[in-house]
Protein chains: 2
Amino acid sequence: MIRIGIVGYGNIGRGVELAVERNEDMKLVAVVTRRNPEDVKVLTDDVKKVHLDDILSLKGEVDVMILCGGSATDLPVMGPSVVANYNTIDSFDTHAKIPEYFANVDAAAKEAGTIGIISVGWDPGMFSLNRIYAESILVQGSTYTFWGKGVSQGHSDAIRRVPGVKNAIQYTVPIEAAVEEVRSGSEPQLTTRQKHLRECYVVAEEGADLAIIEETIKTMPNYFADYDTTVTFITEEELKANHSKMPHGGFVIRTGETGRDGNKHVIEYSLKLDSNPEFTSSVLVAYARAAYRLAEKGESGARSVFDIAPALLSMKTSEQLRKEIL
Amino acid sequence: MIRIGIVGYGNIGRGVELAVERNEDMKLVAVVTRRNPEDVKVLTDDVKKVHLDDILSLKGEVDVMILCGGSATDLPVMGPSVVANYNTIDSFDTHAKIPEYFANVDAAAKEAGTIGIISVGWDPGMFSLNRIYAESILVQGSTYTFWGKGVSQGHSDAIRRVPGVKNAIQYTVPIEAAVEEVRSGSEPQLTTRQKHLRECYVVAEEGADLAIIEETIKTMPNYFADYDTTVTFITEEELKANHSKMPHGGFVIRTGETGRDGNKHVIEYSLKLDSNPEFTSSVLVAYARAAYRLAEKGESGARSVFDIAPALLSMKTSEQLRKEIL
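Let me sum up the structure you'll find in this document. (Residues numbered from 1 in each chain as written. Chains lettered and ligands numbered in written order. Predicted model: local features only at pLDDT ≥ 70, side-chain atom pairs only at ≥ 80, totals over all residues. Heavy atoms only, no water.)

Quick look at the pairing of strand β2 (residues 26-33) of chain B
Residue and element names in this part refer to chain B.
So, point 1. Judged by how many residues are buried, β2 sits mostly within the fold: 7 of 8 residues are covered.
So, point 2. The sheet contact formed by strand β1 (residues 2-7) and β2 spans 6 bridges and is parallel. Counterpart to I4 in the pairing with β2 is L28.
So, point 3. Following the chain from β1 across helix α1 (residues 11-21) to the adjacent parallel β2, one finds a crossover that is right-handed. (Buried < 20%, exposed > 50% of the residue type's maximum accessible area, 1.4 Å probe, protein only. Helix = DSSP H or I, 4+ residues; strand = E, 2+ residues; numbered from the N terminus. Pairing = 2+ DSSP bridges. Right-handed = clockwise from strand over helix to strand, strands pointing away.)

Some words on the interface of chain B and chain A
So, point 1. Contacts between chain B and chain A engage 69 residues on the former and 69 residues on the latter.
So, point 2. With both sides pooled, the region where chain B packs onto chain A buries about 6300 Å², and carbon together with sulfur makes up 57% of that total.
So, point 3. Close ionic contact of K316 of chain A with E135 of chain B constitutes a salt bridge, the shortest N to O distance being 3.3 Å.
So, point 4. The tally of links between chain B and chain A comes to 31 residue pairs in polar contact (both at pLDDT 80 or more).
So, point 5. Secondary structure elements with two or more residues in the side of chain B that touches chain A: α1, α3 (98-112), α4 (126-137), β12 (248-258), β13 (263-273), α10 (276-296) and α11 (318-324) of chain B.
So, point 6. The biggest single contributor to the side of chain B that touches chain A is β13 of chain B, with 11 residues.
So, point 7. In terms of residue class, the side of chain B that touches chain A is built from 33 nonpolar, 19 polar and 17 charged.
So, point 8. Sheet topology places strand β13 (residues 263-273) of chain A next to β13 of chain B; 9 bridges connect them, and they run antiparallel. Bridge pairing in β13 of chain B places S270 of chain A opposite E268 of chain B. (Contact = heavy atoms within 4.5 Å. Buried area = accessible area lost by both parts, 1.4 Å probe. Salt bridge = Lys/Arg side-chain N within 4 Å of Asp/Glu carboxyl O. Polar contact = N/O pair within 3.5 Å; in protein donor to acceptor, adjacent residues only side chain to side chain. Nonpolar A, V, L, I, M, F, W, Y, C, P; charged D, E, K, R; others polar.)

Here we look at the relation of the copies chain B and chain A
So, point 1. Structural alignment of chain B on chain A gives an RMSD of 0.0 Å, achieved by rotating through 180° and translating 0.0 Å along the axis. Each copy turns onto its partner about a two-fold axis.
So, point 2. Taken as a fraction of all interface residues of chain B, those also at the interface in chain A reach 100%, which identifies the copy contact as same-surface. (Least-squares fit on C-alpha atoms with pLDDT ≥ 70 in both.)

Topic: helix α5 (residues 153-160) of chain B
Residue and element names in this part refer to chain B.
So, point 1. Listed in full, the buried residues belonging to α5 are H155, S156, A158 and I159. One face of α5 carries all of its buried residues, which in axial projection span an arc of 160°.
So, point 2. Contact partners of the buried residues in α5: β8 (150-151), β9 (165-174), β10 (196-204) and α8 (210-218). (Arc of directions from axis to C-beta.)

Concerning the sheet that holds strand β8 (residues 150-151) of chain A
Residues and elements named next belong to chain A.
So, point 1. Read from one edge of the open sheet, 4 strands run β8-β9-β10-β11, paired in mixed fashion. Looking at strand neighbours, the two that pair on one side only are β8 and β11 (228-233), the edges of this open sheet.
So, point 2. Pairing of strand β9 (residues 165-174) with strand β10 (residues 196-204), which is carried by 9 bridges, proceeds in the antiparallel orientation. By the bridge assignment for β10, V173 is matched with L197.
So, point 3. Here helix α5 (residues 153-160) sits on the sheet and contacts β8, β9 and β10; the angle it forms with β9, its principal contact strand, is near 145°.
So, point 4. Contacts from helix α8 (residues 210-218) reach β9, β10 and β11 within the one sheet, and its direction differs from that of β11 by about 150°. (Axes fitted to C-alpha atoms, helices over the stretch in contact; angles between N-to-C directions.)

A word on the packing of helix α2 (residues 74-83) of chain B against α3 of chain B
Residue and element names in this part refer to chain B.
So, point 1. In contact at an axis separation of 7 Å, α2 and α3 are set at 15° when each is read in the N-to-C sense. Of the possible angle classes, the one that applies to α2 and α3 is roughly parallel. The two elements α2 and α3 meet at a crossing, and its hand is right-handed. Along the contact surface, α2 presents L75, P76, G79, P80 and V83, while α3 presents Y101, N104, V105, A108, A109 and A112.
So, point 2. For the contact of α2 with α3, the per-class residue count stands at 9 nonpolar, 2 polar and no charged. (Parallel < 35°, antiparallel > 145°, perpendicular 65-115°, else oblique. Left-handed = near helix turned anticlockwise from the far one by under 90°.)

A closer look at the sheet that holds β13 of chain A
So, point 1. If you trace the 6 strands from one edge of the open sheet to the other, you get β7(A)-β12(A)-β13(A)-β13(B)-β12(B)-β7(B), paired in antiparallel fashion. On the outer flanks of this sheet lie β7 (141-147) of chain A together with β7 (141-147) of chain B, each paired with one strand and no other. Taking each pair of neighbouring strands and ignoring which way they run, the sheet shows an average axis angle of 5°.
So, point 2. Of the strand pairs in this sheet, strand β12 (residues 248-258) of chain A and β13 of chain A are connected by 11 bridges, and their pairing is antiparallel. The residue of β13 of chain A that forms the bridge with T258 of chain A is N263 of chain A.

Observations concerning unusual backbone geometry
So, point 1. The omega torsion of the bond from D123 of chain B to P124 of chain B falls at 5°, within 30 degrees of zero and hence cis.
So, point 2. A cis geometry characterises the amide bond from G148 of chain B onward to K149 of chain B, with omega recorded as 0°.
So, point 3. On the secondary structure map, K149 of chain B appears in the loop between β7 and β8.
So, point 4. Despite not being glycine, S119 of chain A shows a phi value in the positive range, around 60°.
So, point 5. Among the structural elements, S119 of chain A can be located in the loop between β6 (115-117) and α4 (126-137).
So, point 6. Phi at N222 of chain B takes a positive value of approximately 65°, unusual for a residue other than glycine.
So, point 7. Its location among the elements puts N222 of chain B in the loop between α8 and β11 (228-233).

Some thoughts on the pairing of β10 of chain A
All names here are of chain A.
So, point 1. Among the 9 residues in β10, 7 count as buried, and that is most of the element.
So, point 2. Pairing geometry for β10 and β11, over 6 bridges, is parallel. Along β11, the bridge assignment pairs V202 with F233.
So, point 3. Where the polypeptide runs from β10 across α8 and back to β11, its parallel neighbour, the crossover connection is right-handed.

Side note on helix α10 (residues 276-296) of chain A
Residue and element names in this part refer to chain A.
So, point 1. With 21 residues, α10 extends 31 Å between its outermost C-alpha atoms, agreeing within 8% with the 30 Å of an ideal straight helix rising 1.5 Å per residue.
So, point 2. For α10, a buried count of 17 out of 21 residues is recorded, marking the element as mostly surrounded by other parts of the structure.
So, point 3. The opening residue of α10 is S275, an N-cap whose side-chain oxygen sits 3.1 Å from the backbone nitrogen of E278.
So, point 4. Of the residues trailing α10, G298 is marked for its positive phi of about 90°. (Expected span 1.5 Å × (residues − 1).)

Examining the nonpolar core
So, point 1. Core analysis: the largest hydrophobic core is formed by 156 residues, its most contacted members being M65, I89 and Y287 of chain A together with I4, M65, I89 and Y287 of chain B.
So, point 2. Apart from residues no more than four positions distant in its own chain, M65 of chain B is found in contact with G5, V7, V32, I55, L58, V82, Y86, N87, T88 and I89 of chain B. (Core = buried A, V, L, I, M, F, W, Y, C linked by side-chain atoms within 4.5 Å.)

Description of the side chain of R22 of chain A
So, point 1. By the element assignment, R22 of chain A lies in the loop between α1 (11-21) and β2 (26-33).
So, point 2. In terms of polar contacts, R22 of chain A uses its side chain to reach the side chain of Q140 of chain B, at 2.9 Å.
So, point 3. With near-sequence residues (within four places) excluded, R22 of chain A lies in contact with V139, Q140, E257, T258 and G259 of chain B.

Shown next, in the form of C-alpha cells:
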C-alpha cells in the first residue's frame, strides 16, 4: 500500500481523500493542517491529524505528501520545505513563477533524495500533456486552450470584493463560434474577448445600487474589462440552490498541416467535469503513484507531468497495459 | 541532427519522409527497400537507397530506423532483426500478438544495446495514451473507442476479393447516437452493430450481378456480418475522383465517477485526419526523437508509448516546455 498524507484540508484536500478511497493500492494515513487538528473533520477512519508544525513526526509513516495549499502564498514556501523530508505532489499553477518554483523544489528534493512532482492537475496537467503531444506530432500548427463552462474562484472572489456585493459566482464560458472556427483548421487569431464570456451571478446587499455594481464589475481591469461580461442579480437562496456545485472543463485543440499537399489534422482533448476539485484530486493521486515508484527506484529531484512516463500512473503492470489497452 | 532511415517505402514510408522534412532536428539519410533500390523514387535529395539485404552497410550512418512494413508478415521478422543493429520505431498493430512481438524485440534490443519502440501511431499510439491517462485518473468508469469516419484498408481489400468486384473502398463510420450516449456518462453496453456503420463504395466488373455482390459483402463473416453495411455501386472514375484520399480519425471517451456524491466526468480525445498515413508518420517521427535520446542515455530494450516520458518527444528543452506550455 502506498501511504498518502494530505497537507491542507480544503476542497482539494477532501478531494484527495475521496480519490484515495477509489485506489485500492493506496491508503490515507495522515492529514496535516495549520488549523487545530482536533477541529478538522475528516471522512476516513484511522487517519492521524497532525499540525503542520509537527509534520516531521510522520517521517517513516507517509510515502507521498499531497500538497493541497494555494499557489499564491502556501506552495512557494510549503513545496520546498515539505519535499526536504517527503516525496510530494502539488498543483502549483502560477504560470509565470513555474521556473523559479521548479528550481526551488528541485534543489531541496535533490538534497533530500526525494521526488517532487509539481503543477499536477488538469491545467496545468492534463491540458499541458495534450499541448506537448499535439505540438510534437503536428510540428507546424496552432494550439488553442478554452476553459469552461466552469466556476473561476479568482473571478468570483474579485466580484465579492465589490462594495454592495454580498455573494457572487462567476462562470467562464468558451464562445462556441470561436471553438468551431478553431476546429475548422483555419488557425484564426482570436482576441481574449472572442474566446470567452464571463457570466456573473451576484447577490447584492439590501439597498445597494445595482447599476453601479454592474458597472464596477464590467469595467474591472484584468478580470472583466477585456471580456463580454453578463451580470445577473439573484437571491442568496437562488445562489445556494443553483450555483453551489463546482463544475468545470475545457478544450485543448491543435490544428496543423502535414506533407506537401496541405493535408490538415485536428487533435482535440476535452474535459467536462461535475466537480473541479474532485477531478483535480484524482489526477494528483495518480501522480502520487508515479512519485512513489520513482522514489523506490532511487530517483530524486523535481519533475513535471512532462517527465513522467504514462505507465507509472497506472495500477496495472506493463504486461497488462500492453495486453489490455495498447 | 538525428539521422533517420526508412525501411519500406509505401504510404507510411513516404509519410515519414514528409514528416522528417518538417522536423528541423532530423534528416532522412537512407531508404531501405525490398524492391530494386534504383526503382524507388523518393522525394528528397541525397538519400541513399539500399536493398534490405544490404541494410548493415548503413551502420554508423543511421540513428533510428523507422520500420514501415505491415504487421501481418513484415514486422514480426523485421522488428527483431533490424533492432539487432539499429534503434527502431514501428507501428505494429496486430493486437493479439503485441506481447509476443514486444518480447522478441526486447530480447534482440537488449542484446544489441539498442532501443525499439513498438506500436507507435494513433491506434495503437495516441489512443492508447488517452486510454491509460483517463483510466488512471477515473479509476471507476468505462472507456469507449470509436473509429472513423475513415478508410479501412483491410475491409476495402476484403471487398476487392469478392467475385465480380473490380475496385472498392470501405469507410468505417461511428454512429453518432452511440457517441452521444457515451458522452452522457450513462456507460452503456454497446454491441458492435450499435457503435459503427460500414459504408462500401464498389466498382463492379461489367455484367456482374450486383445483387449477389451486395449480399456477399453484407454477409461476410468477421468483416461485415456484425454491422449495418451499405453498398453503393459507383464507376471507376467516381472512385478516383471522390474516394482517393485516406482520411481517418476517431474518439476515445472515458466517463466515470469520483467521490461519494456521484460526480461524473467526461474525458474525450478525438482526431480528425485528412491523411491517415501522414499523421501516423508524424507520430512515428516524434517517437524517433525519443528513441534517439534514450539510446544516447545508454538505455536498451523494447518500449511502448506507455514507457516514454512526453518531454522526450519534443524539440523544446525541459526549461522551455515548463515555461511555455506547462
